[in-house]
Amino acid sequence: LAVAAADADPPPADVPLAAEDVEECADGTCEALSLRQLRRGALQTDEEGRKWCDGKVTPVPDTPVCFSHNILGLLTVNVRIWTDDPSSGAGLAEFQYHKKGNAGEWDGCTKGDWVQSGDNLVPKTGPLNCDGTPSSGAQILQAQYCGTDNTAFIKVKDGMTFSLTAKGFDCSEVKWESV
């Protein structure tokens, strides 16, 4: 999702300003909308955003956010996502999995880059193993992010296709393979 400042319509009046936007324009000298405001407005008015997260579209932050889910008490899945280009909404994701209670068994790691379109995180390239080689395992088919309730929906193919909704957790609880 790319927003061009020259061609963009202003966000709807009901789009709240972030604290940093209010602070930057508090003295009344700020006339132009920031790219963050434009992007927030575009994301919140995207029709696809009405399907997930109670109709609210939240941009993925530039600080990594992490999610975890346990599948049938057997497999632990950890996901880390972040935006590396806030003006375009592009970012990176890392998807790790292993046997519950044993990080060295049934393990794998996939990473890739994406661009946010509404609430969807659309893959751009990849998938790659976390060491940078072409993926030999899991492939993320679809992902959605909800900053309001700190959850992520992920559809994965690894021999079979499965979907999960993962809850947020502190990223420092996991040793991530990629930096």
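In case you missed it, the structure is sitting above this.
The structure reproduced in this document is the subject of the present report. Everything numeric here is computed off the predicted structure, so don't read it as measured data.

1. Some words on the packing of aromatic side chains
Now for step 1: All told, the structure shown has two aromatic pairs when counted by the stated rule.
Now for step 2: Summarising the aromatic geometry, the rings of Phe95 and Tyr97 are spaced 5.9 Å apart at their centres and angled 50° between planes, so their arrangement reads as tilted.
Now for step 3: Directly above the ring of Trp106 sits Lys99, whose terminal nitrogen or CZ lies 5.2 Å from the centroid.

2. Quick word on the state of the cysteines
Now for step 1: This model, assessed by the stated rule, comprises three disulfides.
Now for step 2: In this model Cys53 forms its disulfide with Cys146; the gap between the sulfur atoms is 1.9 Å. Classification of the bridge connecting Cys53 and Cys146 rests on its S-S torsion, roughly 60°, and on that basis the disulfide is right-handed. Within this pair, whereas Cys53 is found in the loop between helix 2 (35-45) and strand 1 (65-71), its partner Cys146 is found in strand 6 (residues 139-146), the two being separated by 93 residues in sequence.
Now for step 3: The residue that forms a disulfide with Cys109 is Cys130, at a sulfur-sulfur distance of 1.8 Å. Sign of the S-S torsion, about -65° for the bond between Cys109 and Cys130, identifies this disulfide as left-handed. Taken together, the residues span a long stretch of sequence, with Cys109 in strand 4 (residues 108-117) and Cys130 in the loop between strand 5 (120-129) and strand 6 at a distance of 21 residues.
Now for step 4: Given the relative accessible area of 8%, Cys109 is considered buried.

3. Examining the pattern of salt bridges
Now for step 1: Tallied over the full model, the rule gives two salt bridges.
Now for step 2: Notably, a salt bridge pairs Arg80 with Glu94, separated by 2.8 Å at the nearest N-O pair. Of this pair, Arg80 sits in strand 2 (residues 75-85) while Glu94 is found in strand 3 (residues 90-99), placing the two residues 14 residues apart along the sequence. Residue Arg80 shares its accessibility class with Glu94, and that shared class is buried.
Now for step 3: The salt bridge partner of Glu105 is Lys99, with a shortest N-O separation of 3.8 Å.
Now for step 4: Using a relative accessible area of 31% as the deciding quantity, one classes Glu105 as partly exposed.
Now for step 5: Classification of Lys99 by relative accessible area gives partly exposed; the value is 27%.

Analysis parameters
Every chain's residues receive numbers from 1 upward, in the order its sequence appears when written. Whole-chain, interface and lining totals are the exception, using all residues; otherwise, since this is a predicted model, local features are given only for residues with pLDDT of at least 70 and side-chain atom pairs are given and counted only at 80 or more. Just so you know, side-chain values use all the structure's heavy atoms and leave hydrogens and water out. Aromatic rings from Phe, Tyr and Trp, taking only the six-membered ring of Trp, are treated as a pair when their centres fall within 6.5 Å; an angle between ring planes under 30 degrees marks them as stacked, one over 60 as edge-to-face, and anything in between as tilted. Note on geometry: a ring has a charge over it if NZ (lysine) or CZ (arginine) is within 6 Å of the ring centre and within 35 degrees of the ring normal. Counting rule for disulfides: a pair of cysteine sulfur atoms within 2.5 Å. Helix numbering and strand numbering both begin at the N terminus, where a helix is a DSSP run of H or I of at least 4 residues and a strand a DSSP run of E of at least 2. Relative accessibility decides the category of a residue: with a 1.4 Å probe and only protein chains considered, values under 20% of the type maximum give buried, values over 50% give exposed, and everything between is partly exposed. Criterion for a salt bridge: a side-chain nitrogen of Lys or Arg within 4 Å of a carboxyl oxygen of Asp or Glu.

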